[in-house]
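# Observations on the model geometry
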Amino acid sequence: MTRKNWDRQELILAINLYFKTEFGKIHNRNPEIIKLAKYLNRSPSSVGWKLVNFASFDPSLKKRGIKGATHTSKLDKKVWDEFYNNLDVLSFESEKLLAELKKSTVEKLNNLSEIDLLKEGKTKEQFVKIRVNQSFFRKTILASYNNTCCITGIKQSELLIAGHIKPWGIDKENRLNPRNGIAINALHDKAFETGLITITPDYKIKVSSVLKKQEKVKFIQENFCMYENRSIILPTKFLPDKEFLQYHNEQRFRA
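Summarised in this report is the structure supplied together with it. Numbers given for residues are sequential positions, taken from 1 along each chain in its written order. Given that the model is predicted, a residue must reach a pLDDT of at least 70 before its local features are reported, and side-chain atom pairs must reach 80 or more before they are shown or counted; all residues, however, enter totals for whole chains, interfaces and linings. Excluded from the side-chain calculations are hydrogens and water; all other atoms, namely the structure's heavy atoms, are used.

### Brief notes about unusual backbone geometry
Where we set the bar: Labels follow the DSSP assignment, with helices taken as runs of H or I lasting at least four residues and strands as runs of E lasting at least two, numbered in each case from the N terminus. The cut-offs for exposure are 20% and 50% of the maximum accessible area for each residue type, with area from a 1.4 Å probe on protein chains only; residues under the lower value are buried, those over the upper are exposed, and the others partly exposed.
In the Ramachandran plot, K103 falls in the positive-phi region, its phi being about 55 degrees despite a non-glycine side chain. Secondary-structure assignment places K103 in the loop between α6 (87-101) and α7 (106-109). The phi angle at N229 is positive, at roughly 70 degrees, despite the residue not being glycine. By secondary structure assignment, the location of N229 is in the loop between α12 (218-223) and α13 (242-252). Taking relative accessible area as the criterion, N229 reaches 46% and is therefore assigned partly exposed.

### What to know about the layout of surface pockets
In plain terms, the rule: The definitions used throughout rest on a 1 Å grid laid over the protein atoms alone, on which a cavity is an enclosed set of points accommodating a 1.4 Å probe that cannot get out and a pocket is an open set flanked by protein within 12 Å on both sides along at least five of seven lines; lining residues are those having an atom within 4 Å of a point. Grid points are joined across faces, edges and corners, and a volume is the space filled by probe spheres set on the points. Gly counts as polar in this scheme, as do all residues outside two lists: the nonpolar Ala, Val, Leu, Ile, Met, Phe, Trp, Tyr, Cys and Pro, and the charged Asp, Glu, Lys and Arg.
Estimates place the volume of the largest pocket at around 480 Å³. Lining the largest pocket are 19 residues; nearest its centre among them are L17, K20, E32, L98 and K102. Looking at the lining of the largest pocket element by element, the count peaks at four residues for helix α2 (residues 31-40). Considered class by class, the residues forming the lining of the largest pocket number seven nonpolar, four polar and eight charged.

### Focus: the packing of α6 against helix α9 (residues 124-144)
Two measures define how a pair of helices packs: the angle their axes make with one another and the distance between the axes. Basically, it comes down to this: Angles here are taken between N-to-C directions and fall from 0 to 180 degrees, while the axes themselves are lines fitted to C-alpha atoms, restricted in helices to the stretch in contact. In these notes the angle categories are as follows: under 35 degrees is roughly parallel, over 145 is roughly antiparallel, 65 to 115 is roughly perpendicular, and the rest is oblique. We call two residues contacting when some pair of their heavy atoms lies within 4.5 Å.
Running from amino to carboxyl end, α6 crosses α9 at an angle of 90 degrees, the nearest separation of the two axes being 9 Å. Here α9 runs roughly perpendicular to α6, going by the angle between their axes. Listed contacts from α9 to D88, V89, S91, F92, S94 and E95 of α6 are V128, K129, V132, N133 and F136.

### What about the environment of G163?
When you line up the elements, G163 lands in strand β1 (residues 160-164). As for G163 and I232, which are separated by 69 residues in sequence, their C-alpha atoms are 14 Å apart. For G163, the residues in contact, after removing those within four places along its chain, are F137, N180, G181, I182, I184 and D189.

### A closer look at empty space enclosed by the protein
Going through the model one piece at a time under the given rule, you end up with one cavity of 30 Å³ or more. Here the lining of the largest cavity is composed, by residue class, of six nonpolar, two polar and no charged.

### Description of the pairing of strand β2 (residues 181-185)
Operational definition: For two strands to be treated as a pair, DSSP must find no fewer than two bridges joining them.
Among the five residues in β2, five count as buried, and that is most of the element. A two-sided burial pattern is seen for β2, the buried positions comprising G181, A183 and N185 on one face and I182 and I184 on the other. With five bridges connecting them, β1 and β2 associate as antiparallel partners. The residue of β2 that forms the bridge with I161 is I184.

### A look at the pattern of salt bridges
We apply this condition: Any Lys or Arg side-chain nitrogen located within 4 Å of an Asp or Glu carboxyl oxygen qualifies as a salt bridge.
In the structure shown here, the tally under the stated rule is 14 salt bridges. Among the ionic pairs, R8 bridges to E93, the shortest N-O distance being 2.9 Å. Within this pair, whereas R8 is found in helix α1 (residues 8-19), its partner E93 is found in helix α6, the two being separated by 85 residues in sequence. In this structure R8 comes out as partly exposed when scored by relative accessible area, which is 30%. For D81, the salt bridge goes to K77, with nearest N and O atoms at 2.7 Å. Of this pair, D81 and K77 are both found in helix α5 (residues 74-84), four residues apart, which corresponds to roughly one turn of the helix. Here K77 falls in the partly exposed class, since its relative accessible area comes to 33%. Each of K4, E10 and R42 takes part in a single network of salt bridges with overlapping partners.

### Let's talk about the nonpolar core
Stated formally: For the purposes of this section, nonpolar cores are sets of buried Ala, Val, Leu, Ile, Met, Phe, Trp, Tyr and Cys residues that join through side-chain atoms within 4.5 Å.
The biggest cluster of nonpolar side chains holds 61 residues, and the ones touching the most others in it are Y18, F19 and W80. Examining the composition of this core, we find that eight residues originate from one element, α1, more than from any other. By size, the runner-up hydrophobic cluster in this structure holds six residues, among which are A99, V106, L112 and V128.

### Some details on the packing of aromatic side chains
Put simply, the rule is: Pairing of aromatic rings covers Phe, Tyr and Trp, the last counted by its six-membered ring, and requires centre-to-centre distances within 6.5 Å; plane angles under 30 degrees mean stacked, over 60 mean edge-to-face, and any other angle means tilted.
Under the criterion given, the structure shown has 13 aromatic pairs. For the ring pair Y18 and W80, a centre distance of 5.7 Å and an interplane angle of 75 degrees mean the geometry is edge-to-face. Taken together, the residues span a long stretch of sequence, with Y18 in helix α1 and W80 in helix α5 at a distance of 62 residues. A centroid spacing of 6.2 Å and a plane angle of 45 degrees characterise the contact between F83 and F136, whose relative ring orientation is tilted.

Function cannot be inferred from these measures alone, as they are strictly geometric.
Dropping the structure here:
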């Protein structure tokens, strides 16, 4: 296979896959990497190595001393920065490019039905973009946490939610920021959303006094109080931003 330079669209597609791939599965045997390589007329090794390149730009990996590859190009860095700093636009653009590559539509790739498209009083274009971006965020967060609940360790993806630390309706700029997300089961997501639990900036679980008053209730003890001061299961990439966690502790948690 003839070696050729990567262009912007190919890099956007590769970044899309990087966001949605578990860190431990970034290798040339991954079926999704093999599929993208075939679409791009490249080798799986070339695509896998490009994803490793992007790990060197991931800010949370840098803080943990994980360097990724060192042979990155100026265009790699430029497109990564464009994508990471403009997720609302670029995540949707990347999904559209992927749909075109697969000769499909973003609606089909993200399982949006015609009934869905008629809801919420928005134009079709607005609604599709919101839903596609939400789907992208979910895939990114679940991949970052290896499809594992950060509190309980549950690994059943159907039971997991890509929760926001700073709520969707409050911080528009960080709606799609993967460092504003946690993989969490539905029960604890509701408790987190309503301030009955929080995660401290040093990644410890704290339980509200509202629940602690009921600690003799078996359900409360087994599902909440037992996790007090335990560390969450950390993601392999896109570590939660400590400033966002500090906000939740100070503004949302019912101490």
